[in-house]
Amino acid sequence: MVEPAGRPSTAGHRLGAPDSFGVSTLEPGLRPPAPPAGRQVSIRVQMLDDTQEVFQISQRSPGKVLFDLVCVHLNLAEGDYFGLEYQDQRKMTVWLDLLKPSLKQIRRPKNTILRFVVKFFPPDHTQLLEELTRYLFALQIKRDLACGRLVCNDTSAALMVSHIIQSEIGDFDETQSWQHLLHNKYLPDQDAIRDKVTDCHRQHVGQTPAESDYQLLEIARRLEMYGVRLHPAKDREGSALSLAVAHIGVLVFQGHTKINAFNWSKVRKLSFKRKRFLIKLRADPASAHHDTLEFAMASRDCCKVFWKICVEYHAFFRLFEEPKAKPKPILFTRGSSFRFSGRTQKQVIDYVKDSELKKLPFERKHSKILSHSGLSPQSSSFRSQVPKESAASVQPADRLDSAGPGLRAECNGSEEAASAPGGLHDAAGAAPPGSDPIRSRQNHHAAGSSPDPQFLNPEGPGSEDSPAGGPRAVVNGNGSVNGVPAPCPEGHHLSPLTSPLLTDAGCVRHDDEDEARRKKFPTDKAYFIAKELLTTERTYLKDLQVITESFHGVAGKDEAFPDTARSLISTSYDPVHKFHQGFLREVEQRLAQWEGRSNAHIKGDYQRIGDILLKNIQGLRQLTVHLQKHSECLVELERVCRSSRKAEAACRDFEQQRVCYLPLNIFLLRPLHRLLHYKLLLERLCKHYPPTHEDFRDCRAALADISEMVLQLQGTMMKMENFQKLLELKKDLTGIDNLAIPGREFIRLGCLSKLSGKGLQQRMFFLFSDSLVYTSRGMTPSNQFKVHGQLPLYGMTIRESEEEWGVPHSFTLFGQRQSVVVAASCAAEMERWVEDIRMAVDLSEQSSSTDLLPPGLSDNKLTEDGGAEVESEEELGGSRSSLERPGHRGNTTVHVCWHRNTSVSMVDFSVAVENQLSGNLLRKFKNSNGWQKLWVVFTNFSLFFYKSHQDDYPLASLPLLGYSVTAPSESENIHKDYVFKLHFKSHVYYFRTESEYTFERWMEVIRSATCSASRSLSSPRKDLY
């Protein structure tokens, strides 16, 4: 860039802004250090917008001086995420060391161009608090796409390019957009998806450059190759691999597919010796890996370069403060003295939040839009929110449903990503207090390949195919679809950047306002029971819409679905959906009258709910004929999928959409499950009311009616629950085709360690009424479990063998063809398995045994000594992208049990069906101060998080298997009523309810998911089919 003579060259001065030295590596109020005396040398630096700037430094000045000058030039407060890279004399790309003199590293400064690029990629872009920082990250993503480094599927690529174009030329214009694509190269193979890019661009009308940057980063962060820099290597067998480092730990790639990840919490030491890069793992009897893993790289220099970036990534994301320098030894030195220099991510976040930095305008070099991102100063509490360029009004703190747009796939930096695999989304270990382990399904659908993510789906949802076939955008945080924000009541477009969901940087509610608001509402227990009816009915109606609207739209456009199947589903569910729409309106109106928020001038007794329940349950009885057909719908859909691969693929693709946050078959059984909920609610009302209460008679009559319906449909319900579970397990297993056969009953699934020639190896066991199957986590794109063997239960005996093998909680299974020694994670888990296996053996004696595996495989141990793949918890959530590959099943109950080393029985699933709950909760992290309001749905052993009950799909989910739920202790300083605590290893969440009743209910249903039930059946259920 050419500057006028005599003018300084900082970005701020170019735009007429005052001096600002809010530099990332400087403390508040300090200026850059005076350059050391000596001859000045000119260094050229290429910026992310492809401009080049020249900086003058002293010969003896360290690299930090040059880096600080670049940050001052950009007015960049969060510069610690970036670095300066260059090619040294060995033609290797290396990072400028901030502690060493620059000219000792850059041997030929006149012929060297340093590149200012992103060095540390956080798992969640909502941790980037400055708009300028997000703009620079967007430029980095743009560059990675253009050079082919950020590999992804066409849908994700088209969606990202469309956001880049929106930020550069604004709203869609067919001629202008087409010409812009012709003259600019965003992808190596851009012409093939040009039409898809323009289709996506049409959807972004009204989106500002800042919002486009935000959406671009939301998609990119869920891709498997996001922020990945591959370093070629070979394993011990000589297979070509690549190593990379991320916030969660060290990654191993084969081509562009991640095949392993070593979490920082599992790594004891990283080192290199000549050309060998060594990873020493912490001792883990359940791991199939050796204590030390060895990879061969091209040279010692390659090893050292990769080792250095690993050290820096670990320090930046895992430490709370910069590591102190080691004292120099007096005589001898051993090993490298290299250390991370700069602030850690936690220090950067705290500094930007606490500092009243003035927001200065900056220029978007490639943008033709007039806005130059000028922002008015805001208080520090709102600086943490994503800045927006539009004049959208911000809702008051007490009205914000802070589910926000940026779910962490992992920490809030991938839900909790790195440290302990506790939250499905867990990211950089112990660092930022904003980090949140809640994994999002968004990761599930976005990633490098198909409609996703996941969204988690976060499917990982970078992008996913909509029912109409067009690409869909990532969650906006305000319910927008395809990047078009939903209009606010005031008519403005509320920016999707106003309320980050799973970070503590979002809006903080005022506790006094909460208390004052709570005192206005009734305190009678019957009111809160009625309110539970309202909140769960809202969720139930949304679940029905998944079938009647979303799935119906897919099936109606796909010729693979026969008319008979479409007609059966439509005629069975549409009347039920229409009925419950009217039921919900009546309940909403009654609750509004009960609370005194409407019709306050009308005198009447509205503090009851039994009359509405009695009226509608009697109306529901007229729909029994439709409810009885729901089991037929499940069987028919399975028949269609079995006979048509196109139909099966359509259902599989539909399950990848964010609106289908549970397996499709579960939605088909929701109407039957809802009858149980009505029965339980009415039982609580009848127990609460005295016989003389005016509402007691109606509640008792309604309870009698619903109990009769439940009894009438209970047999069908039990059969269909078992059938649905077998169908779901079939998707998680590879090598089994005949799983769902008449007479087979699912009993338990979970993790056990199997003793083999190489010691204890983690295996996934599936117990059925006729056989026990053991598997390991496969390396297929869909993350299915590969079957290793089958043990028929007929004639099996069990013997505890802890003393014989010296392995705690171990027991031996003696079958007719082979015996297996397994060990549980604890005594309670062992007791559950032994009890259920003995019960299953009794069942098998009364039924014929059927092999699940092909001939010759059922009695084969397979490659039992082959190590199972070890993965980090983050991969559950994906990375934070488990949603990156089509058909990826990384967050099912089976995978959660695998990562949490626990088990679940069919009794647990049956209990979970009854214990479903939804409503508003206030959530707080362990190290944060404010409470955020979220709409939370508990079902299928998981909490699903929404901004509000009106959202069509969740923004994140937290599987609860393995978590414990308690009340916080006094030492935790949670001075609020009705607070419960969720805890798993180092992951802690606090949730606050509005009353004693809701507190007890949430504790009750969550305990049902965190405490496994024992199976006690007096007689086997042989008539399942």
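Remember, it's a predicted structure, so these values are computed and weren't measured experimentally.

What counts and what doesn't
- Each chain carries its own residue numbering, running from 1 in the direction its sequence is written.
- This being a predicted model, a pLDDT of at least 70 is required before a residue's local features are given, and a value of 80 or more before pairs of side-chain atoms are given or counted; all residues contribute to the totals for chains, interfaces and linings.
- Derived side-chain values reflect all non-hydrogen atoms in the structure, with water molecules and hydrogen atoms excluded from consideration.
- Grouping buried Ala, Val, Leu, Ile, Met, Phe, Trp, Tyr and Cys residues that are joined through side-chain atoms within 4.5 Å yields what is termed a nonpolar core.
- Buried, partly exposed and exposed residues are distinguished by accessible area as a fraction of the type maximum, computed with a 1.4 Å probe on protein chains only: under 20%, between the cut-offs, and over 50%, respectively.
- In DSSP terms, a helix is any run of H or I states spanning at least four residues, a strand is any run of E spanning at least two, and both are numbered starting from the N terminus.
- Residue contacts follow a heavy-atom distance rule, with two residues in contact if any of their heavy atoms lie within 4.5 Å.
- Think of it this way: DSSP has to see at least two bridges between two strands before they count as a pair.
- Inter-axis angles, ranging from 0 to 180 degrees, are taken between N-to-C directions of lines fitted to C-alpha atoms, where helices are fitted over the stretch in contact.
- In this analysis, rings of Phe, Tyr and Trp, with Trp reduced to its six-membered ring, are considered paired at centre separations within 6.5 Å, and the interplanar angle assigns stacked below 30 degrees, edge-to-face beyond 60, and tilted for intermediate values.
- Only when the NZ of Lys or the CZ of Arg is both within 6 Å of the ring centre and within 35 degrees of the ring normal is a charge said to sit over the ring.
- The cut-offs work like this: below 35 degrees is roughly parallel, past 145 is roughly antiparallel, 65 to 115 is roughly perpendicular, and the gaps in between are oblique.
- Crossing handedness is read from the near helix: turned anticlockwise from the far helix by less than a right angle, it gives a left-handed crossing, and turned clockwise, a right-handed one.
- Under the scheme applied, nonpolar residues are Ala, Val, Leu, Ile, Met, Phe, Trp, Tyr, Cys and Pro; charged residues are Asp, Glu, Lys and Arg; polar residues are all the others, including Gly.
- Count a disulfide wherever a pair of cysteine sulfur atoms falls within 2.5 Å.
- In this analysis, the protein atoms alone were mapped onto a 1 Å grid. Cavities are point sets where a 1.4 Å probe fits without being able to get out; pockets are open sets with protein on both sides within 12 Å along at least five of seven lines; lining residues have an atom within 4 Å of a point.
- Grid points are joined across faces, edges and corners, and a volume is the space filled by probe spheres set on the points.
- Should a side-chain nitrogen of Lys or Arg be within 4 Å of a carboxyl oxygen of Asp or Glu, the pair is scored as a salt bridge.
- In this scheme, a helix's expected span is set at 1.5 Å multiplied by one less than its residue total.
- We define the bend at any residue as the angle between the axes fitted to the seven residues before and including it, ending there, and the seven starting there.
- Per-residue confidence from the prediction method is given by pLDDT, with values spanning 0 to 100.

The next thing to look at is the nonpolar core. Of all hydrophobic cores here, the largest spans 106 residues; its most connected members are F82, F116, L136, M160, F277 and I279. Sort the elements by how many residues they give to this core and helix α9 (residues 300-318) lands first, with 10 residues. In this structure, M160 is in contact with I141, L145, L150, C152, L216, I219, A220 and L223, ignoring residues within four places of it in sequence. Ranked by size, the runner-up nonpolar core spans 80 residues in total, among them I612, L620, C651 and V659.

With that settled, consider the sheet that holds strand β2 (residues 52-58). One open sheet holds the five strands; their spatial order is β2-β1-β5-β3-β4, and the pairing between them is mixed. At either margin of the open sheet sits one strand with a lone partner, and together these are β2 and β4 (93-95). Across the sheet, the mean angle from the axis of one strand to that of its neighbour is 40°, orientation sign disregarded. Relative to strand β5 (residues 113-118), strand β3 (residues 82-87) is paired through four bridges, and the arrangement is antiparallel.

This brings us to the packing of aromatic side chains. Under the counting rule described, the total for this entry stands at 35 aromatic pairs. Judged by centre distance (5.4 Å) and plane angle (70°), the ring pair of F785 and W898 falls under edge-to-face. Pair noted here: F785 is in strand β19 (residues 785-792) and W898 is in helix α24 (residues 893-900), with a separation of 113 residues, a long-range link. Judged on exposure class, the residue F785 and its partner W898 are both buried. Every member of this aromatic cluster is reached through a ring pair, and the members are F67, Y81, F82, F116, F120, F121, F137, Y226, Y313, F316 and F317. Of note, R343 hangs over the ring of Y351, and the distance from its end group to the ring centre comes to 4.4 Å. Its end group placed over the ring of Y953, R658 keeps NZ or CZ at 4.8 Å from the ring centre.

Relative to each other, helix α6 (residues 174-183) and helix α7 (residues 194-201) sit at 135°, their axes nearing to 11 Å. Between α6 and α7, the angle is such that the two are oblique. Between α6 and α7 lies a crossing whose hand is right-handed. Residues S177, W178, L181 and L182 of α6 form the contact with α7, whose own contacting residues are R194, D195, V197, T198 and H201. When the residues that make up the contact of α6 with α7 are grouped by side-chain class, the tally is four nonpolar, three polar and two charged.

Pairing within the open sheet is antiparallel, and its seven strands lie in the order β27-β26-β25-β24-β30-β29-β28. What marks the edges here is a single partner per strand, and that holds for β27 (956-959) and β28 (964-966). Taken pair by pair, the neighbouring strands of this sheet meet at an average axis angle of 35°, ignoring direction. Note that β28 and strand β29 (residues 979-984) share three bridges and pair antiparallel. Bridge assignment links S964 to a residue of β29, and that residue is H983.

Quick look at the state of the cysteines now. In total, this model carries zero disulfides according to the counting rule given. Looking at C660, it has no disulfide partner, and the nearest cysteine sulfur is the one in C651, 9.4 Å off. Considering cysteine sulfurs only, C751 is the nearest to C897, which forms no disulfide, with 7.4 Å between them. Residue class for C897 comes out buried when judged on its relative accessible area of 0%.

Time to look at the side chain of N665. With respect to the helices and strands, the residue N665 is situated in helix α19 (residues 664-688). Using a relative accessible area of 7% as the deciding quantity, one classes N665 as buried. N665 has contacts with L634, L637, Q724 and L727, leaving out every residue within four places of it along the chain.

Let us look at empty space enclosed by the protein. Considered as a void within the structure, the largest cavity measures approximately 140 Å³ in volume. Considering the residues around the largest cavity, the lining is formed by 14 residues, among which Y135, L139, S167, E168 and D213 are closest to the centre. Among the secondary structure elements, those contributing two or more residues to the lining of the largest cavity are α4 (131-146), α5 (154-169) and α8 (209-220). Residue classes in the lining of the largest cavity are distributed as five nonpolar, five polar and four charged. Empty space within the second largest cavity amounts to approximately 110 Å³. Around the second largest cavity, the lining is made up of 13 residues, and of these T536, T539, Y540, H677 and Q916 lie nearest the centre. At the level of secondary structure, the elements contributing two or more residues to the lining of the second largest cavity comprise α13 (525-557), α19, β24 (917-925) and β25 (932-939). Broken down by class, the residue content of the lining of the second largest cavity amounts to four nonpolar, six polar and three charged.

Moving on: the pairing of β3. The element β3 is extensively covered by neighbouring structure, given that five of its six residues are classed as buried. Pairing of β3 with β4, which is carried by three bridges, proceeds in the antiparallel orientation. If you follow Y86 over to β4, its bridge partner there is V94. Linking β3 to β4, which pair antiparallel, is a turn of five residues; within it K91 sits at a positive phi near 65°.

Here Q105 is to be found in helix α3 (residues 102-105). Residue classification places Q105 among the buried residues on the basis of a relative accessible area of 12%. Contacts of Q105, omitting those with residues within four sequence positions, involve Y86, W95, L96, D97 and K100.

Inspection of the entire model under this criterion finds 41 salt bridges. Residue K64 pairs with D68 through a salt bridge whose shortest N-O separation is 3.1 Å. With K64 and D68 both in helix α2 (residues 63-74) and four residues apart, this pair spans about one turn of that helix. Among the residues examined, K64 registers a relative accessible area of 28% and is labelled partly exposed. Here K542 ties to D952 by a salt bridge, and the two come within 2.9 Å at their closest N and O atoms.

The next subject is the environment of F121. Mapped onto the elements, F121 comes out in the loop between β5 and α4. With near-sequence residues (within four places) excluded, F121 lies in contact with F137, Q140, D144, Y226, G227, R229, H247, Y313 and F317.

Their axes nearest at 11 Å, the elements α4 and α5 cross at an angle of 130°. For the element pair α4 / α5, the angle class is oblique. The way α4 lies across α5 gives a crossing that is left-handed. Taking contact as the criterion, the partners of I141, K142 and L145 in α4 are, on α5, M160, I164 and E168. The residue makeup of the contact of α4 with α5, split by class, is four nonpolar, no polar and two charged.

Turning our eyes to something else, we now look at α19. Every α-helix carries 3.6 residues per turn, so stepping three or four residues along brings you back to the same face. Taking 1.5 Å of rise per residue, 25 residues should cover 36 Å, and α19 covers 36 Å from first to last C-alpha, within 8% of that figure. At R670, α19 is bent by approximately 50°, the largest bend along its length, and proline P671 sits one to four residues beyond. Judged by how many residues are buried, α19 sits mostly within the fold: 20 of 25 residues are covered.

Moving on: unusual backbone geometry. With a phi close to 55°, N901 is a non-glycine residue in the positive phi region. You can see N901 is positioned in the loop between α24 and β23 (903-905). Classification of N901 by relative accessible area gives partly exposed; the value is 29%. Phi at Y978 is positive, roughly 60°, even though this residue is not glycine. Along the chain, the position of Y978 falls in the loop between β28 and β29.

We now examine the confidence of the model for the protein. Scored by pLDDT, the protein has a mean of 76; 72% of the residues are at 70 or more. The element-level mean pLDDT for the protein is lowest in helix α11 (residues 380-383), coming to 34, with β5 highest at 94. Counting interchain partners and residues more than four positions distant, the pLDDT-below-50 stretch residues 1-30 has 70 contacts. Note that pLDDT drops below 50 for residues 1013-1025; the model gives that stretch 35 contacts with residues more than four away or on any other chain.

Burial analysis of strand β16 (residues 746-756) places 10 of its 11 residues in the buried class, the great majority of the element. As paired elements, β16 and strand β17 (residues 759-768) share 10 bridges and run antiparallel to each other. What sits directly across from S756, in β17, is G759. Pairing geometry for β16 and β23, over three bridges, is antiparallel. Among the inter-strand pairings, R748 is bridged to a residue of β23, identified as S905. When β16 meets strand β22 (residues 819-823), the two strands line up antiparallel, connected through two bridges. The partner of S753 across the bridge, within β22, is A823.

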